[in-house]
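Take a look at the letters that make up each chain.
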Amino acid sequence: MKIAYITSVYGRSSDTFIRNEVLGLRDRGHEVYTFSIRRESGQGELSIDVASEQSTTDYILEKPLILLIYSTLLVFICSPLRMCRAILLAWKTHIPGIKGLFNQCAYLLEASYLTRRMGKLGIDILHNHIAENSANVAMLASLLSNVPFSMTVHGPGIFFHPKQWVLGEKVARSAFTATITNFCRSQCMLFTDTKYWHKLHIIRCAVGKDFESPSTIPISEAPRLVFVGRLCAEKGMQILIQAVTKLVESEFSLELILIGDGPMRSEIEALIKQKNLGSVIQILGAKSSSDVRNEIKQSRALVLPSFAEGLPVVIMEAFALGRPVVATQIAGIPELVVNGVNGWLVPPGSVECLEHALIEVITTRPSVLQQMGLEGAGRVQEFHKLSNELDKLECLLKSAVYQ
């Protein structure tokens, strides 16, 4: 098959789940072309695999505006009826207000460019990840090109404004919609007409091949913890810092490494300074996959105090590296993390419960932590193995193309 992948921002170190699929499908002989609405701003040092994907990705908003307008006019001339239908769909699904109309006009220009490119490449199916603004583009491009589109819904963002992002309309018009957890599927069901529920399928995010063999590297006695993720409101970083503050006040010795960047970095740095935790908490910023792997290996556990999530791939990576996880009992996380077996689940927003869980991590024998991590690795192999999830995705893509 010739498959086009599109998302809002592609070619980031955090795009592991998408990159795994793209590379896996290419390994199976399919031609996969990647499109992105924009390129990530403020990029640091790129790993080889991320740089390689960026070099072959078509960034739509980097094209001259005149080219996008020209593409739209050509699509209108060649397929006036489809363009009229796309305009009606854009109107039907726009957010009330001037900004909503402006956005839909932009999506229509982007969709027209994508339509032209797919025609030249002979694309069989268009697949979207994340299901927010880039899925609007995919839905319109599918109508303009008559190429079927499918999508993968992750959350949590789209579930904050499911009606704004016309989630139900997208599911209805998709050839199929993949969801990454049972929780995610249930949320899609909530906003989708029951007659389209059959289009919802679970295809879980999977770790790359580098993580498929569980690590046997012993866990150190050092009380070292690591967080990996965007420094944003959804991650609950203030709760983690408060819990660490209480541990330090109780004279527990520990070190916390924060890997990632984001809009709240300056606020978090200020909070660390205010709490006099500069010798305890270190922010490393965004790092390559190999650097993340090394930091997890040097830790006792991964800590994710999130308020909202889909199901972070970094949990799977920590398990594959033989490390247990402390995470909040939200969304799809309890489908992978089993409290007391491969990690600790705590209520979101509870400083006290998070503090108690961190004390257990610090005081538990390394051999016990290692066994918990290996229990987690077993669940990753059972539910998140790349080859198994690619089998499901490939089957759905073929059904959509060859039905």
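Let me sum up the structure you'll find in this document. (Residues numbered from 1 in each chain as written. Predicted model: local features only at pLDDT ≥ 70, side-chain atom pairs only at ≥ 80, totals over all residues. Heavy atoms only, no water.)

### With respect to the sheet that holds strand E13 (residues 343-346)
Strands sit in the order E10-E9-E8-E11-E12-E13 across an open sheet of six strands; the sheet is parallel. Edge strands, defined here as strands with exactly one partner in the open sheet, are strand E10 (281-285) and E13. Adjacent strand axes in the sheet meet at a mean angle of 25°, parallel and antiparallel pairs treated alike. Packed onto the sheet, helix H11 (residues 265-274) meets strand E9 (255-259) and E10 and runs at close to 160° relative to E10. Set on the sheet, helix H13 (residues 313-320) makes contact with strand E8 (224-228), strand E11 (301-304) and strand E12 (325-328); between it and E11 the angle comes to about 165°. (Pairing = 2+ DSSP bridges. Helix = DSSP H or I, 4+ residues; strand = E, 2+ residues; numbered from the N terminus. Axes fitted to C-alpha atoms, helices over the stretch in contact; angles between N-to-C directions. Contact = heavy atoms within 4.5 Å.)

### As for the packing of helix H4 (residues 80-92) against helix H6 (residues 133-145)
Packing of H4 against H6 brings their axes to within 8 Å, and their N-to-C directions diverge by 155°. Classified by the angle their axes make, H4 and H6 are roughly antiparallel. In this structure, H4 meets H6 at a crossing whose hand is right-handed. Of the residues in H6, those in contact with Arg82, Met83, Arg85, Ala86, Leu89 and Ala90 of H4 are Met139, Leu140, Leu143, Leu144 and Ser145. Partitioning the contact of H4 with H6 into residue classes produces eight nonpolar, one polar and two charged. (Parallel < 35°, antiparallel > 145°, perpendicular 65-115°, else oblique. Left-handed = near helix turned anticlockwise from the far one by under 90°. Nonpolar A, V, L, I, M, F, W, Y, C, P; charged D, E, K, R; others polar.)

### A look at the environment of Ile239
Mapping Ile239 onto the fold places it in helix H10 (residues 237-249). Using a relative accessible area of 12% as the deciding quantity, one classes Ile239 as buried. Note: C-alpha distance between Ile239 and Leu88 (151 residues apart in sequence) is 46 Å. Excluding residues within four positions of it along the chain, Ile239 makes contact with Phe307, Gly349, Ser350, Val351 and Leu354. (Buried < 20%, exposed > 50% of the residue type's maximum accessible area, 1.4 Å probe, protein only.)

### Description of the environment of Ala400
Structurally, Ala400 can be placed in helix H16 (residues 386-402). Note: C-alpha distance between Ala400 and Asp124 (276 residues apart in sequence) is 9.1 Å. Apart from residues lying up to four places away in sequence, Ala400 is in contact with Ile125, Pro148, Ala175 and Phe176.

### Some thoughts on the nonpolar core
In globular proteins that are soluble, nonpolar side chains generally tend to be buried together. Counting 125 residues, the largest nonpolar core has Leu126, Leu240 and Leu258 as the members making the most contacts within it. Dropping the residues within four chain positions of it, Leu240 is found in contact with Phe227, Leu256, Leu258, Val303, Pro305, Leu354 and Leu358. (Core = buried A, V, L, I, M, F, W, Y, C linked by side-chain atoms within 4.5 Å.)

### Brief notes about the pairing of strand E4 (residues 125-129)
When you tally the buried positions in E4, you get five out of five residues, the bulk of the element. Judged by which residues are buried, E4 turns out to be covered on both faces: Ile125, His127 and His129 on one side and Leu126 and Asn128 on the other are all buried. Here strand E1 (residues 2-9) pairs with E4 via four bridges, running parallel. Bridged to Tyr5 within E4 is His127. For the crossover from E4 across H6 to strand E5 (residues 149-153), the handedness is right-handed. (Right-handed = clockwise from strand over helix to strand, strands pointing away.)

### Description of the packing of aromatic side chains
For the coordinates displayed, the defined rule picks out zero aromatic pairs. Taking NZ or CZ as reference, Arg39 lies 4.1 Å from the ring centre of Tyr59, over its face. (Phe/Tyr/Trp six-rings, centres within 6.5 Å; stacked < 30°, edge-to-face > 60°. Lys NZ or Arg CZ within 6 Å of the ring centre and 35° of its normal.)

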